[in-house]
Each structure stands twice: as C-alpha cells, then as structure tokens.
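# Coordinates in review
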Amino acid sequence: MSGDNALRIAIVGLGTVGGGVIRLLKTNQALIARRAGRPITIAAISARDRAKDRGVDLSPYEWVDDMSDLAARDDIDAIVELIGGADGPALTLARQCLAAHKPFVTANKAMIAHHGLGLAKDAEKAGVALKYEAAVAGGIPVIKGLREGVAANAISRVYGILNGTCNYILTTMEKDGHAFADVLKDAQDLGYAEIDPTFDIDGIDAAHKLSILASLSFGTALDFDNVETTGIRHIIAADIAEAAALGFRIRLVGMAETVDGELFQRVHPMLVPMGHPLSHVDGPLNAVVTEGNFVGRLFFQGAGAGDGPTASAVVADLIDVARGEYGPAFAMPVDSLDRLPPARTGKRAGRVYLRFRVKDEPGVLAEIAAATRDAGVSIESLIQRGATDTDSVLVVIVTHVSAESCVNDTLGRLRGSDSLLDEPLVLHILD
Ligand code: HSE
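Definitions and limits used
Residues numbered from 1 in each chain as written. Predicted model: local features only at pLDDT ≥ 70, side-chain atom pairs only at ≥ 80, totals over all residues. Heavy atoms only, no water. Core = buried A, V, L, I, M, F, W, Y, C linked by side-chain atoms within 4.5 Å. Buried < 20%, exposed > 50% of the residue type's maximum accessible area, 1.4 Å probe, protein only. Contact = heavy atoms within 4.5 Å. Helix = DSSP H or I, 4+ residues; strand = E, 2+ residues; numbered from the N terminus. Pairing = 2+ DSSP bridges. Near = heavy atom within 4 Å. Polar contact = N/O pair within 3.5 Å; in protein donor to acceptor, adjacent residues only side chain to side chain. Areas by Shrake-Rupley, 256 points an atom, 1.4 Å probe, with all protein chains shown as cover. Patch = residues over 30% accessible without salt bridge, like charges linked within 9 Å, V, L, I, M, F, W, Y side chains within 5 Å. Salt bridge = Lys/Arg side-chain N within 4 Å of Asp/Glu carboxyl O. Lys, Arg positive; Asp, Glu negative; His and termini not counted. Charge placed at Lys NZ, Arg CZ, Asp CG, Glu CD. Arc of directions from axis to C-beta. Phe/Tyr/Trp six-rings, centres within 6.5 Å; stacked < 30°, edge-to-face > 60°. Lys NZ or Arg CZ within 6 Å of the ring centre and 35° of its normal. Axes fitted to C-alpha atoms, helices over the stretch in contact; angles between N-to-C directions. Parallel < 35°, antiparallel > 145°, perpendicular 65-115°, else oblique. Left-handed = near helix turned anticlockwise from the far one by under 90°. Domains from an automatic or database assignment. Buried area = accessible area lost by both parts, 1.4 Å probe. Nonpolar A, V, L, I, M, F, W, Y, C, P; charged D, E, K, R; others polar.

## Let's talk about the nonpolar core
- Ranked by internal contacts, the top residues of the largest apolar core, which has 85 residues, are Ile-79 and Phe-330.
- Ignoring sequence-local partners within four residues, the contact set of Phe-330 consists of Ile-112, Gly-116, Leu-117, Ala-120, Tyr-132, Ile-212, Ser-215, Leu-216, Leu-222 and Leu-337.
- The next biggest cluster of nonpolar side chains, apart from the first, holds 34 residues, and it includes Ile-9, Ile-22, Leu-25 and Leu-82.

Structure, rendered in structure tokens:
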C-alpha cells in the first residue's frame, strides 16, 4: 500500500503508553493500514526527556523538543497526546491542534473530564475528530460501545470498576492479606498507578472516567464536579474478611444513573455480592456494565491499564481518524446535551455495611442498636468478634434496605460518642 496517502501523526508524551503506541503501530503496521485504508506513520515524537530508555527504538522518528510548533506543521495530520494532566501542556496542545483543524487523539481522562465540552465544541467548529477511547477503562472499547454500539438505546444506568490500581490493591489484599501500603507500592512498580497515586486511591481517576461514561450514556453534559467520590484508603483487611464472611467482595465501583431528571454520579467502595459479575473482576482489570432499553444489560471487561491495552485503544482511534470518521465527541453536539442537576441522594435506598471500632465495654452494642432503631434503620446481620489482646473491638452491621438519610441519621446520633474509637465506615451494597 502506498505511503502517499498516509495519516502522518505526531505523538507527544512517551511514557508507558507512548512506547506501546509506537510498538503497536510498528508490529501491526500492515494490518492497521488495511483496516484504516491507508498507512499510519509517525512524523514526529516529543517528550520531556529525550535520554530516557523507553525500551523502543526511537531513531526512525523525528524528535521535537518544542511541541508548540506541531499543530501548525503541514506534514502532520493528527496529534496524539499522552502527556496527561487536566491542564497545562496537554490542554494547550489540544486547543492548538483543534484550532489548526487537525484531529486530536488523547488518553487523558482528567483533561476530558474537566475540559471535554470545550474541546468537543472546538472539534465541532473545526469539523475534526476529538477521540479519547483510551481515557476510560484502558483497552476496553467502552467509549465506542456507548457512543456508537448502543447509540439507539435509552440508557438507564452505567456502572463498573474503573480503576485498575484500586482493583489490584483490593483483590491482592483479599488474596494475600497484605497491608494496603505494601500493595499500593506493588501497583506502582507494575505501572498501573497514576503519577500521583492519590488520584487512584482517592477515587479521582475513577470519577474522571465515570463522568465521561455518564455523559455518553445519558446525553448529559459532563459534570465531574458533582461526582460524589470516596476512595479506598479507609478499607482495612478486617473489612475484606468480614465482607467475605457475609458473602461479598469489596470493589471500588463508579455508578451513574438519571433519576427524576437528576444526575446521580458516585464513586465509592461497595460490597459486591459474590454472585455478581463485578465480584469476579480481579487484579488490574476493569469492567463496565450498562443497561439499555432495547439491548438489555451489557458487560464489558478487560485490561484497564498497561501499555498494550491502552495503546490498542489509542490506535483504534487513529484508525477511525485515518478512515475519516468523526462526529460529536459525546455522541451528540455539545449544545444538545442536557444539563441535569446533581441528584439529591438522601432518598436513595439500599442495604449498607457499617463498621464501627468501639470500646469493648458494657452497653456499647446497645448504644449502636439504639441509634439504628431511633433512625429507623433495621439490622439484617451483625458481627462482633471478640479480641483478647486489645480493649477495642469491631462491630459490623449489614442493614436492611434503608434510605441514605436514615443511615446518615444513625451516624449523626453516634457522632461524638465516647464508645467509638474512630470514624465509622459506611459501604453501600450493590444489590
Ligand atoms: N491509574 C489508572 C488505573 C490507569 O489504575 O486504572 C488507567 O487509567
């Protein structure tokens, strides 16, 4: 196939994913050209540190120190941004690229979550593609799945495991019983974690991704600021063990729904029943479940991070660009997206897991039970395991279905109690 009509790209940012994209474009060169209808060639590469060993031969490609000229170059047709970060150089590059009427491909979930609507508008004005398949769930083609595959459906709910680092930590703690901090270190060494791991463990990375899935699913404007977000740093090994004893696994779940004209978006560790497909999603895998009114329930699962899977998503976007496929980044023009208010969550109802660390003294259990009674929360199960070598004890309660306002009322009634040794943990149950 002749190279005259090649899609000539610049890749900016050469970390794990950048190296993967170069390797993939080289390894599957002929196949990609057949699928795209033309070759995809690398016209320029750019990153902060030229000397760094990336395990891939960069000598065939033009190295550019100053990326600010790339958008204006006539010999570059599209730019791939793999720098990361919501603002700064990545955003500048995106705006320059779209202003120059060039397609822009990114793996940057933070930038899309914060600035996706503005960038999508720029892309609409320019009549070019803004593509971000790699921004959510690594190699799983969930953006295409939602944007194209289920475009004919009204979607009622989208939820899933959106952060490989947290899933790796939770499942490794479950299997090996290792402490949170040690497992986090392993996840970083394995290349799953963000540069700033608080983005992973505090749920922010998953919240970025959830806000994108919600917009695509419901035709609503991105609303990252209203994703209620709780991470996993308060989960202790005993929670995992007690959850297992009760028939659950703990997973960080992002969930979005539209309810009565309001947009519910929440990322939080949940108890997932052992029979639910999400409970079998282990290690750094991600999974997304969506429910459409004609298609029914769909379950996507695969690698949520890593060079190969993420490169696979980036290059899929490049193949679309090479084919000339473009269209609204969020499945409809930005001006058509609904602006829904955030959901008021007090009236939401479900079962919850409550864990208290309390003094091992007479009356403490009665105090907790009185608080649930007075708040109108009914207890389904209760576990207290005696410890001989300490004067504190864990009390774990699973409630019957209760309004969130009543659960909050229970905790309010116990706030400041001398019997409680630290903040109670509340985990919702995925029913
Ligand atoms: N840090 C992310 C994760 C990488 O752990 O899922 C992919 O976005």
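## Some remarks on the pairing of strand 6 (residues 155-161)
- Within strand 6, six of the seven residues are buried, leaving the element largely enclosed by the surrounding structure.
- Sheet topology places strand 6 next to strand 8 (residues 248-259); four bridges connect them, and they run antiparallel. Among the inter-strand pairings, Val-158 is bridged to a residue of strand 8, identified as Ala-256.

## Re the site of the ligand
- Looking at the ligand, the residues that line it are Lys-109, Asn-163, Gly-164, Thr-165, Tyr-192, Ala-193, Glu-194, Asp-200, Asp-205, Lys-209, Gly-304 and Ala-305.
- Between the ligand and Gly-164 there is a distance of 2.7 Å, counted from an oxygen atom to a backbone nitrogen or oxygen.
- Taking Thr-165, its side chain carries an N or O atom lying 2.6 Å from an oxygen atom of the ligand.
- Protein coverage of the free-state accessible area of the ligand, which is 260 Å², stands at 92%.

## Describing the sheet that holds strand 3 (residues 78-81)
- Pairing within the open sheet is parallel, and its five strands lie in the order 2-1-3-4-5. What marks the edges here is a single partner per strand, and that holds for strand 2 (40-46) and strand 5 (130-131).
- As paired strands, strand 1 (residues 7-12) and strand 3 are joined by four bridges and run parallel to one another. Residue pairing in the sheet places Ala-10 in a bridge with Ile-79 of strand 3.

## As for a negative patch on the surface
- On the surface, a cluster of negative charge is contributed by Asp-360, Glu-361, Asp-391 and Asp-418.
- Mapped onto the elements of the fold, Asp-391 is located in the loop between strand 14 (379-384) and strand 15 (392-399).

## What about helix 3 (residues 89-99)?
- Restricting attention to buried positions, one finds in helix 3 the residues Ala-90, Leu-91, Leu-93, Ala-94, Cys-97 and Leu-98. Buried residues in helix 3, looked at end-on, bunch into an arc of 160°, giving them a common side.
- Residues of helix 3 that are buried make contact with strand 1, strand 3, strand 4 (104-106) and helix 4 (109-126).

## Regarding the packing of aromatic side chains
- This structure, assessed with the given rule, holds one aromatic pair.
- Across the ring face of Tyr-159, the terminal group of Arg-157 is positioned such that the distance to the ring centre comes to 4.9 Å.
- Stacked on the ring of Phe-264, the Lys or Arg Arg-348 has its end atom at 3.5 Å from the ring centre.

## Considerations on the side chain of Ser-217
- Inspection of the secondary structure puts Ser-217 in helix 9 (residues 204-218).
- By relative accessible area, Ser-217 is classed as buried at 8%.
- Separated by 2.7 Å, the side chain of Ser-217 and the backbone oxygen of Leu-213 make a polar contact.
- The contacts of Ser-217, once residues within four sequence positions are left out, are Leu-146, Ile-155 and Val-158.

## Details of the packing of helix 1 (residues 16-27) against helix 11 (residues 307-323)
- The geometry of helix 1 relative to helix 11 is characterised by a closest axis approach of 8 Å and an angle of 65° between their N-to-C directions. For the element pair helix 1 / helix 11, the angle class is roughly perpendicular. Considering the relative orientation of helix 1 and helix 11, their crossing is right-handed. Across the interface between the two elements, Thr-16, Val-17, Gly-20, Val-21, Arg-23, Leu-24 and Leu-25 of helix 1 pack against Asp-307, Thr-310, Ala-311, Ser-312, Val-314 and Val-315 of helix 11.

## Side note on the domain arrangement of the protein chain
- Along its sequence, the protein chain is organised into domain 1 (7-135), domain 2 (142-303) and domain 3 (346-429).
- On a C-alpha basis, the centroid separation for the pair domain 2 and domain 3 is 25 Å.
- Counting residues at the interface gives 22 residues for domain 2, matched by 16 residues for domain 3.
- Counting each side, the surface lost to burial between domain 2 and domain 3 is near 1500 Å², with a carbon and sulfur contribution of 61%.
- When residues of domain 2 are sorted by the area they lose upon contact with domain 3, Glu-242, Leu-246 and Leu-271 head the list and together hold 35% of the total.
- Between Arg-266 and Glu-404 there is a salt bridge; the shortest N-O distance is 2.7 Å.

## Quick look at the packing of helix 6 (residues 164-176) against helix 7 (residues 180-189)
- Closest axis-to-axis distance for the helix 6/helix 7 pair is 9 Å, and the angle between their directions is 130°. With respect to helix 7, the axis of helix 6 lies oblique. Helix-helix and strand crossings are classified by hand; for helix 6 and helix 7 the assignment is right-handed. Residue-level inspection shows Thr-165, Tyr-168, Ile-169, Thr-172 and Met-173 of helix 6 in contact with helix 7, the latter providing Phe-180, Val-183, Leu-184, Asp-186 and Ala-187.
- Taken together, the residues of the contact of helix 6 with helix 7 sort by class into seven nonpolar, two polar and one charged.

## Observations concerning unusual backbone geometry
- The phi dihedral of His-101 is positive, around 60°, even though this residue is not glycine.
- Mapped onto the secondary structure, His-101 falls in the loop between helix 3 and strand 4.
- A positive phi angle, near 50°, is found at Asp-260, a position not held by glycine.
- With relative accessibility at 66%, the residue Asp-260 sits in the exposed group.

## Details of the pattern of salt bridges
- According to the stated counting rule, one finds 30 salt bridges in the structure shown.
- The salt bridge partner of Glu-148 is Arg-147, with a shortest N-O separation of 3.2 Å.
- Here the salt bridges share partners, and the residues they tie into one network are Glu-174, Lys-175, Arg-249, Arg-251 and Asp-282.

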